[in-house]
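Each chain is listed here by its residues.
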2 protein chains.
Amino acid sequence: MPLDNPTKTLAVTTADKVFEQIQHAIVEGDILAGSKISEPELAKQYQVSRSTLREALNRLEKCHLIERKPNVGSRVVECSIKGLLELYITREALEGMACRQAAENMTGEEIVDMKAMLSQHSTAQDLQDGVAYYQEKGDLDFHYKVILGSHNAQLINLICGQLYHLVRMYRCQFGMNSPRASRAFSEHARIIEAISDRDGELAELLMRRHIAASRKNIENKIAEQNKLNQ
Amino acid sequence: MPLDNPTKTLAVTTADKVFEQIQHAIVEGDILAGSKISEPELAKQYQVSRSTLREALNRLEKCHLIERKPNVGSRVVECSIKGLLELYITREALEGMACRQAAENMTGEEIVDMKAMLSQHSTAQDLQDGVAYYQEKGDLDFHYKVILGSHNAQLINLICGQLYHLVRMYRCQFGMNSPRASRAFSEHARIIEAISDRDGELAELLMRRHIAASRKNIENKIAEQNKLNQ
DNA sequence: TAACGCATAATTGTCGACAATTATAGTTCA
DNA sequence: TGAACTATAATTGTCGACAATTATGCGTTA
């Protein structure tokens, strides 16, 4: 299963491959946020016809990475503070509920697996090399496991299939590669505990606080950046 | 603004029009749930080319009315009990949060407008003609106003642009045209009161209960239907 | 008879071209 | 000089055809 999106199947059609490539380019900023997309240009760049490219654009629109206006064209979404806030509030609602559902629906095996992942991350945390990478990857792994554990196809599709592309984009663009290491870790631990206790109400509450804290952390970093720029 | 979807702009391109037509056909059951979609057939039926039809199919997929498998084709989604439950749980999360945001962000004017709508519905409720229609329309109007009142583009898009097509489909397919008249009405009243008091926490709680009650109501009706069929 | 394999038919994915709409640049007129 | 209009260029939307993949039906064989 692909690391960056646990719901999608392997790209089989060329439109899928082009979609993945452009998606990466947008998330990592190789295609600038807010920039206009020229269909003929991109089609030439990726060596496909415009029809195929438009199919890829449709999928990019599905996960809110681009916006289209009829008879005008497509633009990459902007990364604004307002957008970040809206995204995290939506995450709070959806992942909170997913966490509640996970507490109700996760299998024993899944819970064991999740605990194993946590203890593995606790050792990986001490590594000096690539700490940031492990922390971000660890955070994503944790959230994906909870979401999938909800066993709710609607929630899984909305969060993993749509929201998380934007989440990764904001993380990349604002340089949030090493967020709140230790505190996030202990928060993860408590959430897993609540799930393990089958306490859906507490699990939801903790997940919502966890995401709200993450949001405030990013807001602070942005405020710092703004202060430095003055 | 169109009654059935307050976020979408008027259909300008032919693909838009075809999308709307097929959407209605699916929601109201003219195209059977679970049935396979033949691109050449539908294209002929709606007098457009396959490219245009595929553009429409992409939008249907965006609001989860059809599912596509690469190299195989599209199917209209099934209306299952499991799907209904998942949908309403997602609604509970998203609309609950939207309601909290509405309590925080709605303008005074919007609140006045919403109260006016409620009192208008209270009189319309006494009408003998088309009671069911007014009740369903009234319910949708209320929910749309709350969602738009959140002033959160992400939430608005997810709920109005995606989930509500499915909600209306389930309502049509299971014949839920006159749901819980009086009780739903008083629940609406209390939610508006909480929003008017700027009590986000209570507003979210009440909206979640309101949707959960609606879910249970539908579950009961389905159980009744199953009992009759035995 | 049932199951496997092959050839055919049908469907989806991709392509290039044309039509319709929008953006651009140049010109005219107040 | 600036604003509005026009003609041109560029972009998006739509179309029909071909290529690749999948489904179907028949014949063969164990």
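Placed above this text is the structure.
As the structure is a computational prediction, the values presented were derived from the model and not from experiment.

Visitor: What should I look at first to understand the relation of the copies chain B and chain A in this one?
Guide: Between the two chain copies there is a screw-like relation: a rotation about an axis and a shift along it. Least-squares fitting of chain B to chain A yields an RMSD of 0.0 Å, with the superposition described by an axial translation of 0.0 Å and a rotation of 180°. Such a combination of turn and shift is consistent with a two-fold rotation axis. Among all residues of chain B, the minimum C-alpha distance to the rotation axis is found for B:Ala93, at 2.6 Å. When the interface residues of chain B are mapped onto chain A, 100% of them again fall at the interface, so both copies present the same face.

Visitor: Is there a simple way to explain the protein's contact with DNA strand D in this structure?
Guide: Taken together, the neighbourhood of DNA strand D is formed by 20 residues, with A:Arg50, A:Arg54, B:Thr13, B:Thr14 and B:Thr52 sitting nearest. By atom count, sugar and phosphate contribute 69% of the portion of DNA strand D lying within 4 Å of the protein. A distance of 3.2 Å is found between a phosphate oxygen of DNA strand D and a side-chain nitrogen or oxygen belonging to A:Lys36. At a separation of 2.4 Å, a phosphate oxygen of DNA strand D approaches a polar side-chain atom of B:Thr13.

Visitor: How do you make sense of the protein's contact with DNA strand C when you look at a structure like this?
Guide: Around DNA strand C sit 20 residues, and of these A:Thr13, A:Thr14, A:Thr52, B:Arg50 and B:Arg54 come closest. A distance of 3.2 Å separates a base nitrogen of DNA strand C from a polar side-chain atom of A:Ser51. B:Ile37 is positioned with one of its backbone polar atoms (N or O) 3.3 Å from a phosphate oxygen of DNA strand C. Secondary-structure elements contributing two or more residues to the surface near DNA strand C are helix 1 (14-27) and helix 3 (50-62) of chain A together with strand 1 (36-37), helix 2 (39-45) and helix 3 (50-62) of chain B. Here the residues of the surface near DNA strand C sort into seven nonpolar, eight polar and five charged.

Visitor: Please clarify how the state of the cysteines should be interpreted in this entry.
Guide: Each disulfide consists of a covalent bond between the sulfur atoms of two cysteine residues. All names here are of chain B. What the rule picks out here adds up to zero disulfides over all chains. Distance from the sulfur of Cys 99, which forms no disulfide, to the nearest cysteine sulfur (Cys 160) is 13 Å. Residue classification places Cys 99 among the buried residues on the basis of a relative accessible area of 0%. Looking at the unpaired Cys 160, the closest cysteine sulfur is the one in Cys 63, lying at 12 Å.

Visitor: Where do I start with the interface of chain B and chain A in this structure?
Guide: Interface size, as often reported, equals the accessible area lost upon joining of the parts. With 33 residues of chain B at the contact, the number on the chain A side is 33 residues. Here chain B packs against chain A, burying approximately 2,600 Å² in sum over the two surfaces, 52% of which is carbon and sulfur. Seen at the junction of chain B and chain A, the total is eight salt bridges. Of the charged contacts, one joins B:Glu55 and A:Arg68 as a salt bridge, the two residues approaching to 3.4 Å between their closest N and O atoms. Across the chain B-chain A interface, the total number found is 15 residue pairs in polar contact (both at pLDDT 80 or more). Among the elements of the structure, helix 3, helix 4 (81-105), helix 7 (153-173) and helix 9 (200-229) of chain B are those that each provide at least two residues to the side of chain B that touches chain A.

Rules used in this analysis
- Residues numbered from 1 in each chain as written.
- Chains lettered and ligands numbered in written order.
- Predicted model: local features only at pLDDT ≥ 70, side-chain atom pairs only at ≥ 80, totals over all residues.
- Heavy atoms only, no water.
- Least-squares fit on C-alpha atoms with pLDDT ≥ 70 in both.
- Contact = heavy atoms within 4.5 Å.
- Near = heavy atom within 4 Å.
- Polar contact = N/O pair within 3.5 Å; in protein donor to acceptor, adjacent residues only side chain to side chain.
- Helix = DSSP H or I, 4+ residues; strand = E, 2+ residues; numbered from the N terminus.
- Nonpolar A, V, L, I, M, F, W, Y, C, P; charged D, E, K, R; others polar.
- Disulfide = S-S within 2.5 Å.
- Buried < 20%, exposed > 50% of the residue type's maximum accessible area, 1.4 Å probe, protein only.
- Buried area = accessible area lost by both parts, 1.4 Å probe.
- Salt bridge = Lys/Arg side-chain N within 4 Å of Asp/Glu carboxyl O.

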